[in-house]
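Listed here are the chains, written in short residue letters.
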Amino acid sequence: MTLQPKRKLLGLARWGSLVIVMLLMTTVVVVPKFVHLATEPQVINNEQESFAAQCVAATPIAKLDTDGQLAVASWNVYKQQNAGWQTLLSRLAEQNQLLLLQEVKLSDEFQLWRQQNHQQLAMVQAFSQDHIPLGVMSLSQVAASESCGYLTAEPLIQFPKSSLLSYFPLSNGETLLVANLHSINFEYALDSYAVQLQQLLPALSAHKGPIIFGGDLNTWRQARLTMLTLMTNQLGLIAVIPEDDKRTTVMGYPIDHLYYRGLTLESSEVITTQSSDHYPLLAQFRLGES
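Reading the values: the criteria
- Residues numbered from 1 in each chain as written.
- Predicted model: local features only at pLDDT ≥ 70, side-chain atom pairs only at ≥ 80, totals over all residues.
- Heavy atoms only, no water.
- Salt bridge = Lys/Arg side-chain N within 4 Å of Asp/Glu carboxyl O.
- Buried < 20%, exposed > 50% of the residue type's maximum accessible area, 1.4 Å probe, protein only.
- Helix = DSSP H or I, 4+ residues; strand = E, 2+ residues; numbered from the N terminus.
- Phe/Tyr/Trp six-rings, centres within 6.5 Å; stacked < 30°, edge-to-face > 60°.
- Disulfide = S-S within 2.5 Å.
- Pairing = 2+ DSSP bridges.
- Contact = heavy atoms within 4.5 Å.
- Axes fitted to C-alpha atoms, helices over the stretch in contact; angles between N-to-C directions.

1. Some details on the pattern of salt bridges
Here is step 1 of the chain: By the definition in use, this model includes 5 salt bridges.
Here is step 2 of the chain: For K246, the salt bridge is made with D244, and the minimal N-O distance between the two is 3.4 Å.
Here is step 3 of the chain: With a relative accessible area of 39%, K246 lands in the partly exposed category.
Here is step 4 of the chain: In this structure, R247 engages D245 in a salt bridge whose closest nitrogen and oxygen atoms are separated by 2.8 Å.

As structure tokens, this is what we get:
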């Protein structure tokens, strides 16, 4: 069986479960004893050794870009459940100054990988499983000066989805604001999906410099994509759409996205892999607007 049919079967299984859950519309949610749901957003970074505050600060020792060039990758790592994630993640870390990751499991194995690859982290915990935190994480070669986390509960299953805002110094004197999201999924309506986006809007609207906004945005129907487009247009953000667009799709819609402002896009691509049920989306930027 080729890779593409395998991925289609995996997608059908995963999203078939989504349809079943949504049809049940249960009001009783039983959380396993080994799972702890976060009630307040808490962030960790290299200098803050525990999840203790919504916002954490650090002192960057360099600029995020290299001679005005900035490479960014966004990837849902599927809790590192599939073989080969270390190899691909090492490749991405070597080739990109900034990684936006979703569904990260902060296990000892992942921490060892991160230390071996000299990556600075900022992570907001959505929940923990067997005392291991899970959520969105931004990895970078240079520490973010500040990172703030946000949580929004899935309306059916009550598991929180997490978002992370991080600020990075650039060599042209500007500050880059990075938004990394794993969007609400188990909801046909748009109420909670909208709440999660609107949580970030004040900080994004107030920022005067360049922005990168992306992640697993779960745009699996047109109404979701329309809402996202309205918000990104309001902020003056431009979508990264690779010429050979192999992004992971659900019901015909790509669900992984990158948007940008105040930068010049030079190239973009999607890497196919079996190391997750998502494909990484990559973009190469130059500082300033052309």
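2. Looking at the environment of D245
Here is step 1 of the chain: Positionally, D245 belongs in the loop between β12 (238–239) and β13 (249–250).
Here is step 2 of the chain: Judged by relative accessible area, D245 falls into the partly exposed class, the value being 35%.

3. Description of the packing of aromatic side chains
Here is step 1 of the chain: Evaluated as defined, the whole model comprises 6 aromatic pairs.
Here is step 2 of the chain: Here the aromatic rings of W85 and F110 are separated by 5.8 Å at their centres, their planes lie at 15 degrees, and the arrangement is stacked. Of this pair, W85 sits in helix α2 (residues 85–95) while F110 is found in helix α3 (residues 108–116), placing the two residues 25 residues apart along the sequence. Both residues of the pair, W85 and F110, belong to the buried class.
Here is step 3 of the chain: Judged by centre distance (5.6 Å) and plane angle (40 degrees), the ring pair of F110 and W113 falls under tilted. Taken as a pair, F110 and W113 lie in helix α3 at a separation of 3 residues, close to a single helical turn.

4. Observations concerning the state of the cysteines
Here is step 1 of the chain: Per the counting criterion, the structure on display carries 1 disulfide.
Here is step 2 of the chain: Paired by a disulfide, C55 and C148 hold their sulfur atoms 2.0 Å apart. The chirality of the disulfide connecting C55 with C148 is right-handed, given an S-S dihedral of about 115 degrees. Residue C55 is located in strand β3 (residues 55–57), and its partner C148 is located in strand β8 (residues 146–153); the two are separated by 93 residues in the primary sequence.
Here is step 3 of the chain: Exposure remark for C55: the relative accessible area of 33% places this residue in the partly exposed category.

5. Quick look at the sheet that holds strand β11 (residues 211–216)
Here is step 1 of the chain: Taken in spatial order, the 7 strands of this open sheet run β3-β8-β9-β10-β11-β15-β12, and their pairing is mixed. What marks the edges here is a single partner per strand, and that holds for β3 and β12.
Here is step 2 of the chain: Sheet analysis places strand β10 (residues 175–182) next to β11, joined by 6 bridges and oriented parallel. Within the sheet, the bridge partner assigned to L177 lies in β11 and is I211.
Here is step 3 of the chain: Strand contacts of helix α5 (residues 222–234): β11 and β15 (256–261), with the helix running at about 15 degrees to β15, the strand carrying the most contacts.

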